[in-house]
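If you want the building blocks of each chain, they are given just below.
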Amino acid sequence: MNFELTEERQMLQDTLRRFLSGATGDVWHDLAELGVIGALFGEDAGGFGGTGFDLAVVFEELGRADLVLPLIDAALIPGRLMVAAGADVAPLIAGTERFAFAHSELGARYDLNWVETRAKDNRLTGEKTTVFAAEDADTLLVSARLSGAVDDQQGIGVWQVAKDAPGLTMRSYELAQGGRGAEVSLNDTPGTPLMTQAYDAIADAMAAATLSQCAETLGAMDVAVEMTRDYLGTRRQFGRPIGTFQALSHRLVDLMMELEQVRSAVILGAGHLENPPAERDRILSATKNIMGRVGRLVAEDTIQLHGGIGMTHEYALSRYAKRIAMADHRFGDTDHHLEQFIALSR
Amino acid sequence: MNFELTEERQMLQDTLRRFLSGATGDVWHDLAELGVIGALFGEDAGGFGGTGFDLAVVFEELGRADLVLPLIDAALIPGRLMVAAGADVAPLIAGTERFAFAHSELGARYDLNWVETRAKDNRLTGEKTTVFAAEDADTLLVSARLSGAVDDQQGIGVWQVAKDAPGLTMRSYELAQGGRGAEVSLNDTPGTPLMTQAYDAIADAMAAATLSQCAETLGAMDVAVEMTRDYLGTRRQFGRPIGTFQALSHRLVDLMMELEQVRSAVILGAGHLENPPAERDRILSATKNIMGRVGRLVAEDTIQLHGGIGMTHEYALSRYAKRIAMADHRFGDTDHHLEQFIALSR
Amino acid sequence: MDLSLSADDKAFRAEVRAFLDENLPAELADKVRRSQSLSKQEHDFWHTKLNDRGWLAPNWPKKFGGAEWDAVQRNIFEDECALAYAPRIVPFGLSMLGPVLQKFGSEAQQNYWLPRILSGEDWWCQGYSEPGAGSDLAALKTRAVRDGDHYVVNGQKTWTTLGQHANMIFCLVRTDPTAKKQEGISFLLINMNSPGIEVRPITLIDGGAEVNEVWFTDVRVPVENLVGEENKGWTYAKFLLTHERTNIAGVGFSRAGLAMVKRIAGRAQARGRPLLDNPHFAARVAQVEIDLMAMAVTNLRIVSKAAKGQAPGAESSLLKIKGTQIRQEITDLARRAAGPQAMPFASEGLDGTNTPLPDPYDAGGVAASYFNNRKLSIFGGSNEIQREIYAKHLMKGAS
Amino acid sequence: MDLSLSADDKAFRAEVRAFLDENLPAELADKVRRSQSLSKQEHDFWHTKLNDRGWLAPNWPKKFGGAEWDAVQRNIFEDECALAYAPRIVPFGLSMLGPVLQKFGSEAQQNYWLPRILSGEDWWCQGYSEPGAGSDLAALKTRAVRDGDHYVVNGQKTWTTLGQHANMIFCLVRTDPTAKKQEGISFLLINMNSPGIEVRPITLIDGGAEVNEVWFTDVRVPVENLVGEENKGWTYAKFLLTHERTNIAGVGFSRAGLAMVKRIAGRAQARGRPLLDNPHFAARVAQVEIDLMAMAVTNLRIVSKAAKGQAPGAESSLLKIKGTQIRQEITDLARRAAGPQAMPFASEGLDGTNTPLPDPYDAGGVAASYFNNRKLSIFGGSNEIQREIYAKHLMKGAS
């Protein structure tokens, strides 16, 4: 066992941290040039990373930054799907073409196998909801059902659909965690088939996304707790720093302790991403469950320990807290993953 | 609405508190003479109480005392069953005859309808477990199945069985909460029939018992929290009373707050004991669920706030804490009642 | 003991329900249910409706135009209003300043200001907190210096709720900087239209702008706007803080919120069934429902112990802590129930117009409401301060 | 990063398993699993087995007869022993006094005492706590006065675990009553058979007698039994308290406990099905299992950061807090799983003989174990003290 980062990953972390600390605006091309997108994929796909620990390093740094980059949705998930289909991901890695994956549907809630959108003769009809990064994508990957009942794992395919394809409408909005999402409606919309039995590839991409989301949230939690520690050390009330009151300082201790648990859970998840699906998903459910529980605690308590200032949009903590709390709604929430953990532990 | 005790109940409370503060040893007859057993039954049964608020007053006082009296098991439950059957409870109220109800079975866990013990021609065969107050009873009431599947509500009867009846063996032991329980084994043991369709009467008796257990535990919690408050005010460490440390005093506040919630829940339960079964049981499930959750908190935190001394058998707190925590195992635990609450809320 | 309502109370409840039925427009109730912010006009509309009915000031004495209800009646009224999703009455004039003036104001002040609170002519806001004086309220620095018939006020207040609508503000100001912390503070009534006042909105975590900073630069305030005695303001401030606490537990809001949670969880589907049937979610809901059932009794017990029109004592801290825990837990459940649908947040369509957000469960902004309601345990004396108050009460005598 | 065990570590684990298989009698393991107290003979038996194998002192340097394992090896060993329900090695000599003597003892003391710890010739107990000095350890009052070649000791120690079996006790005593609190304390080794020592058992909440009061009346202790310098005992005491913390998280015990919970919940029937299939109970178990999975990694991360044989720093407080939370939660689950069968407690048959208690799930005394393990968050520096230690570490610089 070894808990040290390799030299390469340490370098990636340092580079990314330096870059993100000054980054503003659309940095997608810069990220690509830095090789950050390439770090998400294995060498056979033209990248130079792609393992659980690579993802953990990249996304923890992303989480530490006070900006929202849709690296999971615009690069990791579509890229993994395309690699599974044997498609070329070079433009994606180079940052010259951007993608999004339209999969979620209202009835699916957090289940990957629930697809009501139908495909017939490569024309798609259905409603996709909360599609992240859709607005800035050049091409959408869209899942649809070729056959089977609404919740069958079999019979789900994925198509490439141009954003201006006929019958496609998109309604976009801001998301609570930052970034943008969209409702995507397809009405007999033509697509180019990517895969016909896509469930395993989708599950694989979502496993990678789950791990990445947890790592990203860990980074954000780390910053939020550190900001809180600083605040407790400097804010004075009743003639002394408020961090000298046990009612506050002991809660900071609990946050630190739970944060270490999340860090451990992310390491566990990263170490099991390449394992067989059932084992991988059981561990990732544990990781996401801890992330969800601790995330709520950290979001709520860091605001509480800051008092009013933590409630203001201007102060960065509130933005971190929103990202942390809302991460629970991505890729399965605390309860969903507890149930999945139980099911996979039998 | 009115949250004051009536004058009669106030007198009963005062009398009981005075009596119990000096009581030791077997005080059963004294209790009967004081009218405490009579307070558990309505006038038509020869008592002078019997409503939810009567039970709440009596058992809260019992809970405050540092002794264990099997008033629920030796008087309340069997008495209620006998009243339902039209049997004479005068000797029970007078304290001259003592009873116990052998109902629980291993497979039943907390379900009242699970009865494997069989009755044929008024001879009973089966295994009863954790029968409280059996050792000191003159007569056992025993439930057994006349017909139906193991979990049918229909087909359960109750018999009176002499403690020295043939085929009856008893193995008794101390209970974690104090008092004594027994395993009762029946092998073709003769009994006198009391009721043939007894489920509703059993459910009624157990509802009264559940309320009484909650009230008793409330009384014990009140004492445990008050002892903790005293301790925090007098125990000095680091040159000051430990109650001046927020890490401890704020936890005491939380205990006080939750205790008020239990008090409210007991009032709710008492106020609904005479309601129709479904409504009564829904409210009592709420009461018992709160009691279980807060009971665990109070048992654990009052010990913790006392430190080592709270762990010693000699110090009364440990005895209260045991009664409080173990009360969860009687008449359905926290989870059982949460499930029942959900089922009855539909 | 008797948990049932008297016949009078039942009749009163029917009367309140009929009133709400008749007077509360469905669209307004919908906005409240969906946690949308109301315009000044909407606030004023409901204020006037209640005032016309004589129900605007439940805890004011009749002689000042109040309803003078007892605890049970107030409770019924608050519950029914919350369950009907009536707009919440802005409390600064009615629940805060009103009782202070009634107790400590001059007759002239009472005669002038109290009717204007009822009529809605004045919209009051509160000038207590300052950037450096949050939980430590008495550390306030805003100065008022006597100059002839006026005080000249300089300083800054913050967290001033709905200050953007207000024409009046009651302030704690320091009139004697040499005195000890709690001494030397006075209670002033200040016209928001005075020269030298600037109101700057603070955008909160949910994107809303319900609170403000208020800056005072050489603001002149007539001395007749001093309440009570100079340098005794701390007494009035404490009275105000502990006074109107009949609804501090927010039981009605919790009931309404829980109904919303059930509504969402009844509509949201998980594996083809309503989320409400999922055992783990059902357990979360049941747990809060049980706590709330007990809280309703706790609230009534504590509030009815206090004499008519009086504030409960230290126990109000317990009501605040537990009440906000339950309310916040419910906002978490709503967000959790909505699941992925909690994420759409701010609404601006691709085409540049304000397209409504997707809202398949008709829940409104559950995430915004979750984040906004973090305030419940911070403002009005944080839950940590409440614990400290009650801890000191418990440990009285030990030192 | 690499979560997998090296080939060497795998081989070591196999070796440990084989050893346990061969040497741990099933009846002894059963007693441990069922939380029954062990006799001195049973303790000694296992002590000797481990010593014969050279595995008794995992963290001692080889030159003193230790195994000198690294963090991963220690972890494997502790885990496997716990999962096999091996008796826990009494830590006072091996994990506490041993390292102190190795660091601060004279060569003569090392040569004399260390081998006797390994051989089991001496059974050590700890004389730290006093009735008036619990969390505030430095407030201790037991006095030692120099009288020629001896110290004369008077005072009282308490919470002395297994003191009834011990022939030696290491004590903190006050040698300079005029010095400041932490100064003036010395570290003395005292023979329990000395005249003037009295051991009185304390019955704990579970009915067991694992701790004692120890009274000292004019007990004479040879000066060569002073460890290090006079009045410097506090330094050694702190070293001892923070030193042997590799197993403070108790991950192995939690794993073994969780296995017991599953065993009980697999046997206990609710409505004709194993309790383990009940969604609410399954959720409780899964939640703890997940926390424990993370805890195992947290433990390894923190422990392996510390250099070989060294103690982790302030983070060990986090391990203590979270580790005991998990262990205590598991004892609660065991009690909960047993349900009504948790209630039978002390065993004495009606016929006067000791009939075994009903124990249908073969769980032993789950209630006794639940109550006994409340000690985990109290003894050895309560969790509140641990939070305070870590809070001070976090807030360093602020004041």
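What you are looking at is a predicted structure, and each value in this text was computed from that prediction instead of being measured.

A closer look at the overall build of chain A
Phase 1: Per the secondary structure count, chain A includes 10 helices and 10 strands.
Phase 2: For chain A, whose C-alpha radius of gyration is 20 Å, the value lies close to the compact-globule estimate of 20 Å for 346 residues.
Phase 3: Principal-axis analysis of the C-alpha atoms places the extent of chain A at approximately 75 × 40 × 40 Å.
Phase 4: Burial statistics for chain A: of 346 residues in total, 66% are counted as buried.
Phase 5: Contacts in chain A between residues at least 24 apart in sequence constitute 71% of all its contacts with a sequence separation of at least 6.
Phase 6: When the accessible area of chain A is evaluated, it comes to approximately 11900 Å², of which 49% is carbon and sulfur surface.
Phase 7: For chain A, the separation between the mean place of its 31 positive charges and that of its 49 negative charges on side chains is 6 Å.

A short note on the overall build of chain C
Phase 1: Helix and strand counts for chain C stand at 12 helices and 10 strands.
Phase 2: Taken over the C-alpha trace, chain C has a radius of gyration of 22 Å; the compact-globule value for 399 residues is 21 Å, and the two agree within 12%.
Phase 3: Here chain C holds 399 residues, and 57% of them are scored as buried.
Phase 4: Accessible area for chain C stands at about 15700 Å²; split by element, carbon and sulfur atoms hold 50% of it.
Phase 5: In chain C, the 47 positive side-chain charges and the 46 negative ones have mean positions that sit 6 Å from each other.

Describing the interface of chain C and chain A
Phase 1: Listed as interface residues are 57 residues of chain C and, on the opposing side, 51 residues of chain A.
Phase 2: Of the roughly 4500 Å² buried between chain C and chain A, counting both surfaces, carbon and sulfur atoms make up 55%.
Phase 3: Remark: the boundary between chain C and chain A carries 7 salt bridges.
Phase 4: Arg 284 of chain C is the partner of Asp 335 of chain A in a salt bridge, and the nearest nitrogen-oxygen pair spans 2.7 Å.
Phase 5: At the surface where chain C touches chain A, the tally comes to 27 residue pairs in polar contact (both at pLDDT 80 or more).
Phase 6: Every element with two or more residues in the side of chain C that touches chain A is listed here: β9 (269–270), α9 (279–305), α10 (315–338), α11 (366–372) and α12 (383–394) of chain C.

Focus on the environment of Ile 93 of chain B
Residue and element names in this part refer to chain B.
Phase 1: Take Ile 93: it is sitting in helix α5 (residues 90–94).
Phase 2: Between the C-alpha atom of Ile 93 and that of His 29, which follows or precedes it by 64 residues, the distance is 9.8 Å.
Phase 3: In this view, Ile 93 contacts Ala 32, Ile 37, Gly 38, Phe 41, Ala 45, Gly 46 and Gly 47; residues no more than four positions away in its chain are not counted.

Some details on the domain arrangement of chain C
Residues and elements named next belong to chain C.
Phase 1: When the domains of chain C are assigned, the result is domain 1 (7–89), domain 2 (122–237) and domain 3 (248–342 + 354–394).
Phase 2: Taking only C-alpha atoms into account, the centre of domain 2 sits 31 Å from that of domain 3.
Phase 3: Residue-level contacts link 5 residues of domain 2 with 7 residues of domain 3.
Phase 4: Note on domain 2 versus domain 3: buried area summed over both sides is about 570 Å², and carbon and sulfur give 65% of it.
Phase 5: Our count for the contact surface shared by domain 2 and domain 3 stands at 1 salt bridge.
Phase 6: For Lys 375, the salt bridge identified is with Glu 210, shortest N-O distance 2.7 Å.
Phase 7: Scanning the region where domain 2 abuts domain 3 turns up 3 residue pairs in polar contact (both at pLDDT 80 or more).
Phase 8: Here the side of domain 2 that touches domain 3 is built from residues that sort into 2 nonpolar, 1 polar and 2 charged.

Looking at the packing of helix α8 (residues 277–306) of chain B against helix α9 (residues 316–326) of chain B
Residue and element names in this part refer to chain B.
Phase 1: At a minimum axis separation of 8 Å, α8 and α9 run at an interaxial angle of 160°. On the basis of the axis angle, α8 is roughly antiparallel to α9. The two elements α8 and α9 cross, and the hand of that crossing is left-handed. Contacts between α8 and α9 pair Gly 295, Val 298, Ala 299, Thr 302, Ile 303 and His 306 from the former with Leu 317, Ala 321, Ile 324 and Ala 325 from the latter.
Phase 2: Classifying every residue of the contact of α8 with α9 by side-chain character gives 7 nonpolar, 3 polar and no charged.

Regarding the domain arrangement of chain A
Residues and elements named next belong to chain A.
Phase 1: Here chain A is described as being made up of domain 1 (7–94), domain 2 (99–196) and domain 3 (200–345).
Phase 2: Here domain 2 and domain 3 have C-alpha centroids that lie 29 Å from each other.
Phase 3: Of the residues lining the interface, 13 residues belong to domain 2; the matching set on domain 3 comes to 13 residues.
Phase 4: For the pair domain 2 and domain 3, the summed buried surface comes to about 1100 Å²; carbon and sulfur atoms form 71% of the total.
Phase 5: Three residues, Tyr 110, Leu 112 and Gln 177, lead the burial of domain 2 against domain 3; their summed loss comes to 55% of the area buried on that side.
Phase 6: Inspection of the region where domain 2 meets domain 3 yields 0 salt bridges.
Phase 7: The tally of links between domain 2 and domain 3 comes to 1 residue pair in polar contact (both at pLDDT 80 or more).
Phase 8: Considering only residue class, the side of domain 2 that touches domain 3 consists of 8 nonpolar, 3 polar and 2 charged.

Comments concerning the packing of aromatic side chains
Phase 1: Scanning all chains against the criterion turns up 35 aromatic pairs over all chains.
Phase 2: Taking the centre distance of 4.9 Å and the plane angle of 55° together, the rings of Trp 69 of chain D and Phe 77 of chain D count as tilted. Residue Trp 69 of chain D shares its accessibility class with Phe 77 of chain D, and that shared class is buried.
Phase 3: Taking 6.5 Å as the distance between ring centres and 70° as the angle between the ring planes, the aromatic pair formed by Phe 187 of chain D and Tyr 236 of chain D counts as edge-to-face. Of the two residues, Phe 187 of chain D sits in strand β5 (residues 185–191) while Tyr 236 of chain D sits in helix α7 (residues 233–243), which places them 49 residues apart along the sequence.
Phase 4: Given the relative accessible area of 0%, Phe 187 of chain D is considered buried.
Phase 5: Exposure remark for Tyr 236 of chain D: the relative accessible area of 6% places this residue in the buried category.
Phase 6: Through successive ring pairs, a cluster of aromatic residues spans Phe 104, Tyr 112, Trp 113, Trp 124, Tyr 128, Phe 170, Phe 187, Tyr 236 and Phe 239 of chain D.
Phase 7: Sitting over the face of the ring of Phe 245 of chain B, Arg 240 of chain B holds its NZ or CZ atom 4.0 Å from the ring centroid.
Phase 8: Lying across the ring of Trp 215 of chain D, Arg 200 of chain D places its NZ or CZ 4.2 Å from the centre.

Brief notes about unusual backbone geometry
Residues and elements named next belong to chain D.
Phase 1: Positive phi values are uncommon outside glycine, yet Ser 35 reaches one of about 55°.
Phase 2: Following the sequence through the fold, Ser 35 ends up in the loop between α2 (26–33) and α3 (40–53).
Phase 3: Overall, the relative accessible area of 44% leaves Ser 35 in the partly exposed class.
Phase 4: Unlike most non-glycine residues, Arg 271 shows phi in positive territory, near 55°.
Phase 5: Note on placement: Arg 271 falls in the loop between β9 (269–270) and β10 (273–274).

Looking at the pairing of strand β3 (residues 123–132) of chain A
Residue and element names in this part refer to chain A.
Phase 1: Extensive coverage of β3 is indicated by the burial of 7 of its 10 residues.
Phase 2: Bridge analysis of strand β2 (residues 118–120) against β3 gives 3 bridges, and the strand direction is antiparallel. Of the residues in β3, the one forming a bridge with Arg 118 is Thr 125.
Phase 3: Counted along the chain from β2 to the antiparallel partner β3, the turn is 2 residues long, and its residue Asp 121 has a positive phi close to 50°.
Phase 4: Here β3 pairs with strand β7 (residues 180–190) via 7 bridges, running antiparallel. Paired with Leu 124 across the bridge in β7 is Thr 189.

Quick notes on the nonpolar core
Phase 1: Formed by 477 residues in total, the largest nonpolar core has its most connected members in Leu 71 of chain A, Leu 71 of chain B, Phe 187 of chain C together with Phe 187 of chain D.
Phase 2: Apart from residues lying up to four places away in sequence, Leu 71 of chain B is in contact with Trp 28, Leu 31, Val 36, Ile 37, Leu 40, Val 58, Phe 59, Leu 62 and Leu 76 of chain B.

Examining the environment of Gln 325 of chain C
Phase 1: Structurally, the position occupied by Gln 325 of chain C is in helix α10.
Phase 2: Along the chain, Gln 325 of chain C and Lys 49 of chain C lie 276 residues apart, while their C-alpha atoms are 32 Å from each other.
Phase 3: Excluding its chain neighbours within four sequence positions, the residues that come into contact with Gln 325 of chain C are Met 257 and Glu 258 of chain B together with Arg 387 of chain C.

Focus on helix α7 (residues 246–272) of chain A
Phase 1: Taking 1.5 Å per residue as the helical rise, α7 of chain A with its 27 residues ought to reach 39 Å, and the 39 Å between its terminal C-alpha atoms agrees with that figure.
Phase 2: With 24 of 27 residues buried, α7 of chain A is to be regarded as a mostly interior element.

A word on the side chain of Thr 142 of chain C
Residues and elements named next belong to chain C.
Phase 1: Mapped onto the elements of the fold, Thr 142 is located in the loop between β1 (124–127) and β2 (143–147).
Phase 2: On the accessibility criterion, Thr 142 (2% relative accessible area) is buried.
Phase 3: In terms of polar contacts, Thr 142 uses its side chain to reach the backbone amide nitrogen of Gln 156, at 3.3 Å.
Phase 4: If sequence neighbours within four positions are ignored, Thr 142 has contacts with Glu 130, Val 153, Asn 154, Gly 155, Gln 156, Lys 157, Leu 172, Val 173 and Arg 174.

The rules behind each value
- Residues numbered from 1 in each chain as written.
- Chains lettered and ligands numbered in written order.
- Predicted model: local features only at pLDDT ≥ 70, side-chain atom pairs only at ≥ 80, totals over all residues.
- Heavy atoms only, no water.
- Helix = DSSP H or I, 4+ residues; strand = E, 2+ residues; numbered from the N terminus.
- Rg over C-alpha atoms; globule rule 2.2 N^0.38 Å.
- Buried < 20%, exposed > 50% of the residue type's maximum accessible area, 1.4 Å probe, protein only.
- Contact = heavy atoms within 4.5 Å.
- Areas by Shrake-Rupley, 256 points an atom, 1.4 Å probe, with all protein chains shown as cover.
- Lys, Arg positive; Asp, Glu negative; His and termini not counted.
- Charge placed at Lys NZ, Arg CZ, Asp CG, Glu CD.
- Buried area = accessible area lost by both parts, 1.4 Å probe.
- Salt bridge = Lys/Arg side-chain N within 4 Å of Asp/Glu carboxyl O.
- Polar contact = N/O pair within 3.5 Å; in protein donor to acceptor, adjacent residues only side chain to side chain.
- Domains from an automatic or database assignment.
- Nonpolar A, V, L, I, M, F, W, Y, C, P; charged D, E, K, R; others polar.
- Axes fitted to C-alpha atoms, helices over the stretch in contact; angles between N-to-C directions.
- Parallel < 35°, antiparallel > 145°, perpendicular 65-115°, else oblique.
- Left-handed = near helix turned anticlockwise from the far one by under 90°.
- Phe/Tyr/Trp six-rings, centres within 6.5 Å; stacked < 30°, edge-to-face > 60°.
- Lys NZ or Arg CZ within 6 Å of the ring centre and 35° of its normal.
- Pairing = 2+ DSSP bridges.
- Core = buried A, V, L, I, M, F, W, Y, C linked by side-chain atoms within 4.5 Å.
- Expected span 1.5 Å × (residues − 1).

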